[in-house]
Amino acid sequence: MGIQNFSQLLIFGSFIALVGWTITNQLGRTQIQVKSREDWLIDVAGLTIQGILIPLLQATLVCWIYQHLLPNQQGYLKISLIPTFIISFVVVDYLYYWNHRLLHTKMLWKVHQVHHTVTQMDVLGTSRNTLWTSLLIIYLWIHTLFLYLLADPTGYLLGVSLTSALDLWRHSSLIIPESSWLYQFLSSWLILPQDHAWHHCREVHNYNYGANLKIWDKLHGTYYESEKLPSIIGIPISLNLFQKLLFPFS
């Protein structure tokens, strides 16, 4: 099996597993039942954009741009597996931290606000966004750049697929009990669903921007920790369906 096929399988398998858990879990079934028709439409559109259109865009237009900007650099970087994984899972994660913070500034908040309308941690809402918001997220550009520059992208693709799988889990309601050994092992360094739930909390703002690692939030004073889950998730916005999907400006 090629590394690209393995990467796609890991992401798709994680999504299917989390959807399956949601369906078999009482809380998850309730969340699905109360989801409005409009939310279903936005969520399915977002998942389609993220799962199909963005990879297609990376493989065609964005790659074409780099071929013209850097015609002699394709496969130029000869870096082994572990360093390329670290670049993907750690270095790009730090860049995403600042990208995410920028989306929460007054200048760009309106194009990110739809993502924060989710009222429950739900894997189906992972990619809820205005349809073109992905163009402003560094993953589209920097992943394609490294895949273009690296002679062997195996380690980098492993980091990309793990980051994507964790993103799906982070937006789900599959919470690790604090009493478990797994929680004790992961909680000090990995962003967990309960951490990201506080990022979506209506009561607490501007915390937990990280994707993979907690170190960035801790380093820059934006980490919020609580033993409890937030009581209210999601923000109300006065936009119609067209605005949410295409023009998120009131």
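Residues numbered from 1 in each chain as written. Predicted model: local features only at pLDDT ≥ 70, side-chain atom pairs only at ≥ 80, totals over all residues. Heavy atoms only, no water.

Labelled according to an unreviewed UniProt entry, the chain appears under the name Sterol desaturase family protein, originating from Nostoc cf. edaphicum LEGE 07299. Per UniProt, the comment on the chain under Subcellular location (unreviewed entry) is "Endomembrane system". (UniProt positions renumbered as here; feature names shortened; annotations may be inferred.)

Undergrad: Go over the overall build of the chain with me, naming the residues and quoting the values.
TA: Counting secondary structure elements, the chain contains 10 helices and zero strands. Along its sequence from the N terminus, the chain presents helices and strands in the succession α-α-α-α-α-α-α-α-α-α. Taken over C-alpha atoms, the radius of gyration comes to 18 Å for the chain, in line with the 18 Å a tight globule of 250 residues would show. Of the contacts formed within the chain by residues at least 6 apart in sequence, a portion of 72% connects residues at least 24 apart. (Helix = DSSP H or I, 4+ residues; strand = E, 2+ residues; numbered from the N terminus. Rg over C-alpha atoms; globule rule 2.2 N^0.38 Å. Contact = heavy atoms within 4.5 Å.)

Undergrad: Provide a residue-level description of helix 4 (residues 81-103), including the pertinent values.
TA: Here helix 4 spans 31 Å end to end across 23 residues, near enough to the 33 Å set by a 1.5 Å rise per residue. At Ile87, helix 4 shows its strongest bend, of approximately 35 degrees. Those residues of helix 4 that sit buried are Thr84, Ile87, Ser88, Phe89, Val92, Asp93, Tyr96, Tyr97, Asn99, His100 and Leu103. Check the buried side of helix 4 and you find it contacts helix 5 (138-149), helix 6 (154-170), helix 8 (193-199) and helix 9 (215-219). (Expected span 1.5 Å × (residues − 1). Bend = angle between axes of the 7 residues up to and from the residue. Buried < 20%, exposed > 50% of the residue type's maximum accessible area, 1.4 Å probe, protein only.)

Undergrad: Any chance you could break down the environment of Ala59 for me, citing the residues and the numbers?
TA: Tracing the backbone through its elements, the reader meets Ala59 in helix 3 (residues 37-69). Through-space distance from the C-alpha of Ala59 to that of Leu147 is 10.0 Å; in sequence the pair is 88 residues apart.

Undergrad: Give a detailed account of the UniProt feature "domain: Fatty acid hydroxylase" (unreviewed entry) in the chain, specifying residues and quantitative values.
TA: Per the UniProt annotation, the sites labelled "domain: Fatty acid hydroxylase" (unreviewed entry) are residues 86-222. Taken end to end, residues 86-222 is 47% helix and 0% strand, and its first and last C-alpha atoms sit 23 Å apart.

Undergrad: Can you tell me about the packing of aromatic side chains, naming the residues and giving the values?
TA: Taken as a whole and judged by the stated rule, the model has 12 aromatic pairs. Plain terms: the ring middles of Tyr97 and Trp98 are 5.3 Å apart, the flat faces sit at 85 degrees to each other, and that makes the pair edge-to-face. By relative accessible area, Trp98 is classed as partly exposed at 38%. Relative to Phe249, the ring of Phe247 lies with its centre 4.9 Å away and its plane at 70 degrees, an arrangement referred to as edge-to-face. What makes Phe249 partly exposed here is its relative accessible area of 28%. Feature note: the residues Tyr94, Tyr97, Trp98, Tyr209 and Trp216 constitute an aromatic cluster, connected by ring pairs. We note Lys35 situated over the ring of Trp40; from NZ or CZ to the ring centre the distance is 5.5 Å. When the ring centre of Tyr223 is taken as reference, the NZ or CZ atom of Lys218 above it lies at 5.4 Å. (Phe/Tyr/Trp six-rings, centres within 6.5 Å; stacked < 30°, edge-to-face > 60°. Lys NZ or Arg CZ within 6 Å of the ring centre and 35° of its normal.)

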